[in-house]
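Structure assessment
Take a look at the letters that make up each chain.
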Amino acid sequence: MTTEKQKIEEALKGYLPQEKDLRKTLFASMEYSLMAGGKRLRPQLVLEFCRLCGGSEEQAMPFACAVEMIHSYSLIHDDLPCMDDDDLRRGKPTNHKVYGEAAALLAGDALLTLAFETMLSPESVQAVGADRAAAAVGELARAAGAHGMVGGQIIDLESEGKQVPLEVLEKMDEGKTGALILAACRMGCILAGASEDQKKAAEVYARSIGLAFQIEDDLLDVTGDAALLGKNTGMDSVREKSTYVSLLGVEKARETVERLTRTAVDALAVFGEKAQPLAELALALQNRDH
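Residues numbered from 1 in each chain as written. Predicted model: local features only at pLDDT ≥ 70, side-chain atom pairs only at ≥ 80, totals over all residues. Heavy atoms only, no water.

With that settled, consider the nonpolar core. L45, F49, F63 and Y205 are the most contacted members of the largest nonpolar core, which has 70 residues in total. Considering every element that reaches this core, the biggest residue donor is helix 10 (residues 166-192), with twelve residues. In contact with L45, other than residues within four places in its own chain, are I181, A184, C185, Y205, I209, L278 and L281. Formed by ten residues, the second largest nonpolar core is a distinct cluster that contains M172, I215, V257 and L260. (Core = buried A, V, L, I, M, F, W, Y, C linked by side-chain atoms within 4.5 Å. Buried < 20%, exposed > 50% of the residue type's maximum accessible area, 1.4 Å probe, protein only. Helix = DSSP H or I, 4+ residues; strand = E, 2+ residues; numbered from the N terminus. Contact = heavy atoms within 4.5 Å.)

Here the focus is helix 9 (residues 149-159). Taken together, the buried positions of helix 9 are occupied by M149, G151, G152, Q153, D156 and S159. In the core, the buried residues of helix 9 are packed alongside helix 4 (57-78), helix 8 (130-144) and helix 10. Positive phi shows up at G161, right after helix 9, with a value of about 75°.

A complete count under the given rule lists three aromatic pairs for this structure. Note on Y32 and Y99: the rings are 5.7 Å apart at their centroids and 70° apart in plane angle, and the pair reads as edge-to-face. Here Y99 lies in helix 5 (residues 95-99) and Y32 lies in helix 2 (residues 24-34), a separation of 67 residues in the sequence. For Y32, a relative accessible area of 17% corresponds to the buried category. Accessibility expressed as a relative area gives 27% for Y99, which makes it partly exposed. Ring geometry for F49 and F271: centres 5.8 Å apart, planes at 70°, overall edge-to-face. Pair noted here: F49 is in helix 3 (residues 41-52) and F271 is in the loop between helix 15 (250-267) and helix 16 (276-286), with a separation of 222 residues, a long-range link. Across the pair, exposure class does not vary: F49 and F271 are buried alike. (Phe/Tyr/Trp six-rings, centres within 6.5 Å; stacked < 30°, edge-to-face > 60°.)

Taken N-terminus to C-terminus, the directions of helix 2 and helix 6 (residues 101-119) make an angle of 75°; their axes are 9 Å apart at the nearest point. By the angle between their axes, helix 2 is roughly perpendicular relative to helix 6. Only A103, A104, L106, A107, A110, L111 and L114 of helix 6 make contact with helix 2, whose side of the interface consists of T25, L26, S29, M30 and L34. Its residues placed into classes, the contact of helix 2 with helix 6 shows ten nonpolar, two polar and no charged. (Axes fitted to C-alpha atoms, helices over the stretch in contact; angles between N-to-C directions. Parallel < 35°, antiparallel > 145°, perpendicular 65-115°, else oblique. Nonpolar A, V, L, I, M, F, W, Y, C, P; charged D, E, K, R; others polar.)

Right, let's talk about the packing of helix 8 against helix 10 for a bit. Axis separation between helix 8 and helix 10 bottoms out at 9 Å; the angle between their running directions is 175°. Classified by the interaxial angle, the pair formed by helix 8 and helix 10 is roughly antiparallel. Contact residues: helix 8 offers R132, A135, A136, E139, L140 and A143, while helix 10 offers A179, L180, A183, R186, M187, I190, L191 and A192. Considering only residue class, the contact of helix 8 with helix 10 consists of eleven nonpolar, no polar and three charged.

Below you can see the structure in the form of structure tokens.
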């Protein structure tokens, strides 16, 4: 999916404001985080599921970019002193360390709203039709808000310094990490007019890799290399946060990631051999080192 990642990068760049005026600090701050690299996992999922269900890359790209904009905004806010107070993200100083807290906060706000501007442009709506565009936008709005990512973040903040049970951890990660991954997969299906069987398979895949992704993150915080990760390790322990590793242990956590990955790959059977890239993606996430 390397070529696809490059296409996503080019598209993202094209949606950023290009003016050099009194708002240049805001625009630079937005670009700093949106173009900081990363896996581009979520937009790849939108594109791949849209293709699998009969749609095109061109139709899905604005919506794929919108998901990444919201993901980037969430990372900017997540790193702020009032949240996780992190200094590094992807091997570089976090946004607020470069542009200050106020500009970072506004850059996050601007990326959030740019996502909806991008999805609801006349060109984006015309490419997929008003009904599918509206359904995809609604899917992302729910995933990003109080019942999804933002809701997961408040559970995370209120769980610091406490020992929370596994069901609370799963509810938190279902929102904080899993909601956008699920939305990305479902949006790809919606944009292409997928069948119910295809939508159900995409949902099983998304929920499985979403939880596996978070458990692997917890494992990497304990066993990973900070240089490869591009951020400090051991921070969960410093913040006294319950994690899958602290609750299950390293070996059981790894076994759970493997089980979830198998479930994700098995769910793709309805798509046939065309789903091989998504199967490979699930396995790559299981074996990642950053």
